[in-house]
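Coordinate analysis (summary)
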Amino acid sequence: MKNYELKILALSFLSFSAFQVSAQQPAPSRGNPADTEVWEPIPKVVIPGESFSNAPSDAIILFDGKNLDQWVTVKDKSPAKWTVADGLLTVNKASGDGNIETKQSFKNYQLHLEWRIPADIDGEGQGRGNSGLFLASTGGGDNGYEVQILDSYNNENKTYVNGMASSIYKQFIPAANPAKKAGEWNTYDIAWVAPTFNADGSVKTPAHVTIFFNGVLVQNNVELKGETLYIGQPVYKQYDSAPIKLQSHGDKSKPISFRNIWIRNL
């Protein structure tokens with residue numbers, strides 16, 4: 001028998017032996033699928049609203065078109081004096097009382113809010129339908145974390161883009177601009193995760209926010225740099241829970257309106 005025939009025979013024998021050893025070994029165990037099944041805790045049942053705008057069964061209603069029982073004036077905690085008429089809440093710039101905020105404080109939550117720029121709005125830039133939604137009101141005036149409200153329809157109202165509607169004011173530009181034209185209703189659906197702090201006041205975990213603007217994702221779990229500042233860089237200030245604030249901006253344009261505001265604690 002020639003050498004190359006001996007080599008072929010040897011290789012064939014080794015392959016057959018390896019096959020025999022492999023065939024004799026049991027197949028590896030797939031494990032028990034029950035090992036990765038979690039049965040508790042069972043999530044609570046929540047009955048959804050008839051539409052995404054309607055509050056689910058576990059929501060706290062902050063404004064239902066009837067009154068301002070859930071709101072106070074920021075500067076002195078007196079009853080809020082904005083105008084309630086025809087189911088709408090409208091900024092009362094004439095009163096001079098300024099911003100309003102919720103009586104209750106919140107930490108982590110889901111918030112729904114609808115707002116409308118007047119159809120006959122005038123002004124330009126930051127002076128055209130300006131207001132703000134403060135996700136945590138950490139003091140008087142405009143202290144806190146602000147989502148901008150402004151007439152930003154079709155990018156026709158020129159301003160800095162980190163100050164347009166649905167921006168995290170002076171921090172994050174929205175990923176898209178789905179704003180509706182003046183006279184039509186806009187919707188914010190927001191998930192807010194509050195910052196946490198160490199005992200010495202330093203930041204333990206920063207704040208995060210996700211915003212759907214008219215059903216379009218415009219802020220995707222962004223990590224905030226701190227509270228909103230009109231001038232200078234954002235900074236964090238220690239707090240535990242805080243009210244939600246609506247801004248009465250000092251611009252000269254006609255006041256905007258709100259409706260259908262509700263919140264779910266997370």
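Each chain has its residues counted from 1, running along the sequence as written. The model is predicted, so local features are restricted to residues of pLDDT at least 70 and side-chain atom pairs to those at 80 or more, both for listing and for counting; the totals for chains, interfaces and linings are taken over all residues. In computing side-chain properties, one takes all heavy atoms of the structure into account and sets aside hydrogens as well as water.

Digging into the environment of Asn-143
Under the DSSP-based scheme used, a helix requires at least four consecutive residues in state H or I and a strand at least two consecutive residues in state E, with every element numbered from the N terminus. Here Asn-143 shows up in the loop between strand 7 (131-136) and strand 8 (145-149). Between the C-alpha atoms of Asn-143 and Lys-245, which are 102 residues apart in sequence, the distance is 9.4 Å.

So, the packing of aromatic side chains
What counts as a ring pair is set by centres within 6.5 Å for rings of Phe, Tyr and Trp (its six-membered ring), and what kind of pair is set by the plane angle: stacked under 30 degrees, edge-to-face over 60, tilted for all other angles. Taken as a whole and judged by the stated rule, the model has 11 aromatic pairs. For the pair Tyr-145 and Tyr-236, a centre-to-centre distance of 6.2 Å together with 45° between the ring planes defines the contact as tilted. You can see Tyr-145 sitting in strand 8 and its partner Tyr-236 sitting in the loop between strand 13 (216-223) and strand 14 (245-246), a full 91 residues away along the chain. Residue classification places Tyr-145 among the buried positions, given a relative accessible area of 1%. Measuring from ring centre to ring centre gives 5.1 Å for Tyr-188 and Phe-213, while their planes differ by 70°; the resulting arrangement is edge-to-face. Here Phe-213 lies in strand 12 (residues 208-213) and Tyr-188 lies in strand 9 (residues 185-193), a separation of 25 residues in the sequence. Residue Tyr-188 shares its accessibility class with Phe-213, and that shared class is buried. Each residue is assigned to one of three classes by its accessible area relative to the maximum for its type, calculated with a 1.4 Å probe on protein chains only: buried under 20%, partly exposed between the two thresholds, exposed over 50%.

Focus on the nonpolar core
Among buried residues, those of type Ala, Val, Leu, Ile, Met, Phe, Trp, Tyr and Cys that are joined through side-chain atoms within 4.5 Å constitute a nonpolar core. Counting residues in each nonpolar core, the largest one holds 45 residues, and the members touching the most others are Trp-115, Leu-133, Tyr-188, Trp-192, Leu-246 and Phe-258. Mapped by element, the contributors of at least two residues to this core are strand 1 (60-63), strand 6 (109-116), strand 7, strand 8, strand 9, strand 12, strand 13 and strand 15 (257-265). With 4 residues, strand 6 is the largest single contributor of residues to this core. Residue contacts are defined here by distance: any two heavy atoms, one from each residue, within 4.5 Å place the two residues in contact. The contacts of Leu-133, once residues within four sequence positions are left out, are Leu-111, Leu-113, Tyr-145, Glu-146, Val-147, Ile-149, Tyr-188, Ile-190, Ile-244, Lys-245 and Leu-246.

What about unusual backbone geometry?
Here Glu-40 and Pro-41 are connected by a cis peptide whose omega angle stands at 0°. If you trace the backbone, Pro-41 turns up in the loop between helix 1 (3-24) and strand 1. Despite not being glycine, Asn-154 has its phi angle at roughly 60°, a positive value. Examined against the element boundaries, Asn-154 turns out to sit in the loop between strand 8 and strand 9. Residue Asn-214 is not a glycine yet carries a positive backbone phi of 55°. Turning to its location among the elements, Asn-214 is positioned in the loop between strand 12 and strand 13.

Regarding the pattern of salt bridges
Throughout this description, the term salt bridge denotes a Lys or Arg side-chain nitrogen within 4 Å of a carboxyl oxygen of Asp or Glu. Applying the stated criterion across every chain, the model contains 9 salt bridges. Note that Arg-264 is salt-bridged to Asp-58, the shortest N-O span being 2.8 Å. Of the two residues, Arg-264 sits in strand 15 while Asp-58 sits in the loop between helix 1 and strand 1, which places them 206 residues apart along the sequence. Using a relative accessible area of 15% as the deciding quantity, one classes Arg-264 as buried. Using a relative accessible area of 23% as the deciding quantity, one classes Asp-58 as partly exposed. Note that Lys-254 is salt-bridged to Asp-120, the shortest N-O span being 2.5 Å. Of this pair, Lys-254 sits in the loop between strand 14 and strand 15 while Asp-120 sits in the loop between strand 6 and strand 7, placing them 134 residues apart in sequence. Its relative accessible area of 36% is what places Lys-254 among the partly exposed residues. In this structure Asp-120 comes out as partly exposed when scored by relative accessible area, which is 45%. One connected set of salt bridges, linked through shared partners, spans Lys-44, Asp-58 and Arg-264.

Concerning the side chain of Glu-101
Positionally, Glu-101 belongs in strand 5 (residues 100-102). Note on Glu-101: relative accessible area 5%, which makes it buried. Definition of a polar contact: a pair of N or O atoms within 3.5 Å, with one able to donate and the other able to accept a hydrogen when the atoms are protein atoms, and with sequence-neighbouring residues admitted only if both atoms are side-chain atoms. Of the polar contacts made by the side chain of Glu-101, one reaches the side chain of Lys-77; its length is 2.5 Å. Setting aside anything within four residues of it in sequence, one finds Glu-101 in contact with Gln-70, Trp-71, Val-72, Val-74, Lys-77, Ser-137, Pro-243, Ile-244 and Lys-245.

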